[in-house]
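These are the residues of each chain, in order.
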Amino acid sequence: WCAAMVTWHNIAAKGSGIPEVAASIAGYAIPRSFKLRTLVAKVLALSFSVGAGLALGKEGPMIHIGACWGVVLYMPISRLGQQGDNPIAETDLICVGAAAGIAGAF
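These figures come from a predicted structure and were not determined experimentally.

K.L.:
Describe in detail the side chain of Ser 24, supporting the description with residues and values.
P.N.:
Tracing the chain through its elements places Ser 24 in helix H2 (residues 18–26). Given a relative accessible area of 10%, Ser 24 falls into the buried group. Apart from the residues lying within four places of it in its own chain, the contact partners of Ser 24 are Ile 30, Phe 34, Thr 91 and Ile 94.

Shown next, in the form of structure tokens:
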């Protein structure tokens, strides 16, 4: 019930998150799917669901959580890249975050 309430308040945290990550990597702008609020809602919903003993796949939400961390960390990291010639793209950090989510799930 708690996981349903968390995702009800933040619709971007609903579902596995893999389609949102794939669409963002392909170049589509989905701004609400990778905000800090979505990250917190996704972590809480996954924690409540696993803690309740529900049988669900944790891999998809972990990929979305990793991608959200990549976007959340994009601003501080991109400021570091302004001093050099090679700025870091947001899509690169989404890919790195998704890869970290896959590694964390397995």
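Now, onward.
K.L.:
Outline helix H4 (residues 59–72), supporting the account with residue identities and numerical values.
P.N.:
Given 3.6 residues per helical turn, the α-helix brings residues three or four places apart onto the same face. Its 14 residues place the ends of H4 20 Å apart at the C-alpha level, agreeing with the 20 Å of an ideal helix rising 1.5 Å per residue. Burial of H4 is extensive: ten of the 14 residues sit out of reach of the surface. When we look at burial in H4, the residues that qualify are Gly 60, Pro 61, Ile 63, His 64, Ile 65, Gly 66, Ala 67, Cys 68, Gly 70 and Val 71.

K.L.:
An account of a nonpolar patch on the surface is needed here, citing residue identities and associated values.
P.N.:
Side chains of Leu 36, Val 40, Leu 44 and Phe 48 sit close together on the surface and give an oily, nonpolar patch of about 340 Å² of accessible area. Mapped onto the fold, Leu 36 is located in helix H3 (residues 36–51).

K.L.:
Requested: an account of H3, with residues and values cited.
P.N.:
Between its first and last C-alpha atoms H3 spans 22 Å; for 16 residues at 1.5 Å apiece the expected length is 22 Å, and the two agree. Thr 38, Leu 39, Ala 41, Lys 42, Ala 45, Leu 46 and Ser 49 are the residues of H3 that are buried. The arc that holds every buried residue of H3, seen down its axis, measures 165°, which confines them to one face. Of the exposed residues in H3, the ones pointing more than 90 degrees away from its buried face are Arg 37 and Gly 51.

The rules behind each value
- Residues numbered from 1 in each chain as written.
- Predicted model: local features only at pLDDT ≥ 70, side-chain atom pairs only at ≥ 80, totals over all residues.
- Heavy atoms only, no water.
- Helix = DSSP H or I, 4+ residues; strand = E, 2+ residues; numbered from the N terminus.
- Buried < 20%, exposed > 50% of the residue type's maximum accessible area, 1.4 Å probe, protein only.
- Contact = heavy atoms within 4.5 Å.
- Expected span 1.5 Å × (residues − 1).
- Patch = residues over 30% accessible without salt bridge, like charges linked within 9 Å, V, L, I, M, F, W, Y side chains within 5 Å.
- Areas by Shrake-Rupley, 256 points an atom, 1.4 Å probe, with all protein chains shown as cover.
- Salt bridge = Lys/Arg side-chain N within 4 Å of Asp/Glu carboxyl O.
- Arc of directions from axis to C-beta.

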